[in-house]
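Letter by letter, the chains look like this.
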Amino acid sequence: MDTVFLIAAALKIGVFIGITMSFVSVCVIFERRFSAIIQDRVGPNRTMVPLSILGFKKDLALPIGGLTQPVADGLKFILKEDFTPSYVRKFFFWIAPALVVVPALLTMAVIPFGSPLELDGHYIPMAVADLNVGPLFIFAIASLSVYGITLAGWASNSKYPFFGGVRSCAQMISYEIALGLSIIPVLMMFGTLNLGHIVEYQTHHGWLLLPLWGEGLELQRWILLIPMAIAFVIFTTSIFAETNRMPFDLPECETELVGGYHTEYSSMKFALFFMGEYAAMVVGSALIVTLFFGGWSLGFGIDQMLPMGEWWVSLLHIAVFLAKVTFFILFFILVRWTVPRFRYDQLMNLGWIVFFEAALINVFLAALVIARPSIGTGGFLGGLALLFVVTILLIKIAKSAADKPSHSTI
Amino acid sequence: MDQFLFYLFGFLALGGGLLLVGFRNPVSSALSMVVSFIGLAGLFIGLNAYFVGIVQILVYAGAIMVLFIFIIMLLDLNNEKPFQFRSATILGGLAIPLLFAIQVLGVIQKGPAEHSEKFPLITEETLQQAADGFALKSDGELLPASEQTAIYRSLAHQDSPKLPDTNLIGETIFKHYNMPLQIMGVLLLVATVGVVVLSKRSSKNANKQN
């Protein structure tokens, strides 16, 4: 059993990190082509094999459009000069890009990519580490990537990168709170922190936001949809802020900070920041899919008809999972090219005044709905009225706080 | 394998702690403290305490140390001046570690010998025994399947019984120590409000001086 476990773990680490990395490059081509479509351009559509540098007359055009563009981008990054300015703090300057990429890839470990595979009577979960603290593990490791960005800004020893680093530090800490609070209702409903069990529950009883089969058809689940939808909105928006994606990309906003925390970086070191951002985006999409949209499950009761544990079923489930993740990555890209950037005080107000309070109230709302069968309709309505009054009061306080002029420094 | 990981994370925790004291640059010191915390988290996870280990990273390495580094960078602290030895500081520096060493010795002496009956290692049998304790009602009857708790199901799982440490901590805190928890929450709230009041007052004074 031990050797089987070790071999399976090594294989899974290789395959899943490989999948994540190839998804990062797929993200790049998606981002460029999709943004081109949105802006009515063509985008990169004709990468060629550069035979002319070998002495041939013409470059070889491959008939697959711009799909090889990521290869060209990668080559460009590797072949560029790796320039380290003389005034930087060398050690931190070198270690910062790695501190961004490594946490983003580590978080992949707990995400279940497909249904468990049966081998010799043992079920092998299709996640590298089938931990009982899945979402917490992701939050903990993802919170370490703040160091990379902050240190990059500080180690560059120059004004704009420093602003970028400080901004990102404040932003990520603020939105981590909303992120953690927003999924408490979800975890209360599932009653477990194991992502594998969460997905399994959703295959039998309906996806969290699409309860159309199994126990999902009960009235209780449909009332629960209200707090779950609020949790989904807060969670998704906070993921945007955590990955420094567009409406919240103030740490690297070009119009104010040149390039933000990676202004002084070039070549492969810059590419590592780039990869870290996209890897975080892939993990974020995977987490959204796992928690709210059934992970690897096909849904609509089809999974129960399939022979679980067969290798082709696992493969099919992995394909379904990746398709869902791709959908969310496209959503991330769509938002980046449609929503304009926030101002910094708006960002902080949204995080601390709107999302924090909304997530907190949402926890109580979900608790009320979950307790509804045991406290009866009277108690439920009474609690709802109380919660409503508290909410109104909170909104009043928040408004009076927001109206006062504040001195923002950064 | 377990031994190797224990020594690896133990080395990380100790090495990080030593470097924290050794470095002159405040940012390097803070970062080696992060390394030390990660080593500690690894040791907790080695003891099957996943929740404590993860919270160690989430709270200490991920939030508190980030704030430390944030402050150090904003204030732009320079390297510390070379240390001047004084007899009082040396005495203090010797006395405090000595106290801790005595404490550690006491704990080791009171601790269980290997494989003692009171503190058995976590195996499938001991997990099953623990599960039996959770399966019974107060009058000694077995619970029906619908009322079995998540703790029981996790402890008595046929294929791979696991220690449901998160559920156990939740059970202990929210059932047995609910009142102290609430009081601690209020204490933290008081501290937060106090910080806000203090910072508001000092900024008002600064405005007056201007």
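Residues numbered from 1 in each chain as written. Chains lettered and ligands numbered in written order. Predicted model: local features only at pLDDT ≥ 70, side-chain atom pairs only at ≥ 80, totals over all residues.

**Details of the overall build of chain A**
And then number 1: Each helix and strand counted, chain A has 14 helices and four strands in total.
And then number 2: Taken over the C-alpha trace, chain A has a radius of gyration of 23 Å; the compact-globule value for 410 residues is 22 Å, and the two agree within 12%.
And then number 3: Seen through its principal axes, chain A has C-alpha atoms that stretch 80 × 65 × 45 Å.
And then number 4: Out of the 410 residues belonging to chain A, those deemed buried represent 42%. (Helix = DSSP H or I, 4+ residues; strand = E, 2+ residues; numbered from the N terminus. Rg over C-alpha atoms; globule rule 2.2 N^0.38 Å. Buried ≥ 20, exposed ≤ 12 C-beta atoms within 10 Å, placed from the backbone.)

**What about the overall build of chain B?**
And then number 1: Within chain B, the regular secondary structure consists of eight helices and zero strands.
And then number 2: Listed N to C, the secondary structure of chain B is α-α-α-α-α-α-α-α in terms of helices and strands.
And then number 3: Per-residue burial for chain B yields a buried fraction of 18% across its 210 residues.

**Topic: the packing of helix α11 (residues 267-292) of chain A against helix α13 (residues 311-336) of chain A**
All names here are of chain A.
And then number 1: Two elements in contact, α11 and α13, have axes separated by 9 Å at closest approach and are oriented at 120 degrees. As summarised for this structure, α11 and α13 are arranged oblique, according to the angle between their axes. Once α11 is placed against α13, the crossing between them reads as right-handed. For the pair α11 and α13, contact is made by M281, V282, S285, A286, I288 and V289 and by F321, K324, V325, F328, I329 and F332, respectively.
And then number 2: Per-class residue counts for the contact of α11 with α13 are 10 nonpolar, one polar and one charged. (Axes fitted to C-alpha atoms, helices over the stretch in contact; angles between N-to-C directions. Parallel < 35°, antiparallel > 145°, perpendicular 65-115°, else oblique. Left-handed = near helix turned anticlockwise from the far one by under 90°. Contact = placed C-beta atoms within 7 Å. Nonpolar A, V, L, I, M, F, W, Y, C, P; charged D, E, K, R; others polar.)

**Considerations on the environment of T20 of chain A**
All names here are of chain A.
And then number 1: Along the chain, T20 turns up in helix α1 (residues 2-38).
And then number 2: Taking the C-alpha atoms as reference points, T20 and R221, 201 residues apart in sequence, are found 33 Å from one another.
And then number 3: Discounting residues that sit within four places of it in the chain, T20 has contacts with L105, M108, A279 and V282.

**A word on the environment of I64 of chain A**
And then number 1: Looking at the secondary structure, you find I64 of chain A in the loop between β2 (60-61) and α2 (69-79).
And then number 2: Between the alpha carbons of I64 of chain A and R46 of chain A there is a distance of 8.1 Å; along the sequence they are 18 residues apart.

**Some thoughts on the interface of chain A and chain B**
And then number 1: Each partner contributes residues to the interface: chain A has 19 residues there, and chain B has 18 residues.
And then number 2: For the side of chain A that touches chain B, the element with the most residues is helix α4 (residues 134-143) of chain A, which contributes five residues.
And then number 3: Of the residues contributing to the side of chain A that touches chain B, the split by class is 14 nonpolar, five polar and no charged.

**Details of the confidence of the model for chain B**
And then number 1: Taken residue by residue, chain B gives an average pLDDT of 80. The fraction at 70 or more is 76%.
And then number 2: What the predictor reports for the complex is a pTM of 0.85 with an ipTM of 0.81. (pLDDT = per-residue confidence, 0-100.)

**Here we look at unusual backbone geometry**
All names here are of chain A.
And then number 1: In this model, D40 sits at a positive phi of 60 degrees, which is unusual for a non-glycine residue.
And then number 2: Counting through the fold element by element, D40 comes out in the loop between α1 and β1 (48-49).
And then number 3: The backbone of S267 sits at a positive phi, close to 55 degrees, despite the residue not being glycine.
And then number 4: By the C-beta count within 10 Å, which is 16 here, S267 ends up partly exposed.

**Some remarks on the nonpolar core**
And then number 1: One finds F137, A279 and V282 of chain A together with I54 of chain B to be the most contacted residues of the largest nonpolar core, which totals 123 residues.
And then number 2: A total of 15 residues in this core trace back to one element, the largest contributor, which is α11 of chain A.
And then number 3: When sequence neighbours within four positions are dropped, the list of residues in contact with V282 of chain A reads T20, F23, V24, C27, V325 and I329 of chain A. (Core = buried A, V, L, I, M, F, W, Y, C linked by C-beta atoms within 7 Å.)

**Describing helix α5 (residues 145-155) of chain A**
And then number 1: Buried residues dominate α5 of chain A, accounting for 11 of its 11 residues.
And then number 2: Taken together, the buried positions of α5 of chain A are S145, V146, Y147, G148, I149, T150, L151, A152, G153, W154 and A155 of chain A.
And then number 3: Tucked inside the fold, the buried residues of α5 of chain A contact α3 (90-106), α4, α6 (159-182) and α11 of chain A together with α3 (50-75) of chain B.
And then number 4: Within two residues after α5 of chain A, N157 of chain A carries a phi angle of roughly 55 degrees, on the positive side.

**Re helix α7 (residues 165-176) of chain B**
And then number 1: Spanning 12 residues, α7 of chain B covers 16 Å between terminal C-alpha atoms, matching the ideal 16 Å at 1.5 Å per step.
And then number 2: Turning to α7 of chain B, its buried residues are D165, T166 and N167 of chain B. (Expected span 1.5 Å × (residues − 1).)

**Quick notes on the packing of α1 of chain A against α11 of chain A**
Residues and elements named next belong to chain A.
And then number 1: Here α1 crosses α11 at 105 degrees, and the two axes come no closer than 9 Å. Taken as axis vectors, α1 and α11 run roughly perpendicular relative to one another. Contacts from T20, F23, V24 and C27 in α1 reach M275, Y278, A279, M281 and V282 in α11.
And then number 2: A per-class count over the contact of α1 with α11 returns eight nonpolar, one polar and no charged.

**Considering the environment of F342 of chain A**
All names here are of chain A.
And then number 1: Examined against the element boundaries, F342 turns out to sit in the loop between α13 and α14 (344-403).
And then number 2: Separated by 92 residues in sequence, F342 and L250 place their C-alpha atoms 7.8 Å apart.
And then number 3: If near-sequence neighbours (up to four positions away) are discounted, F342 is found in contact with P247, F248 and L347.

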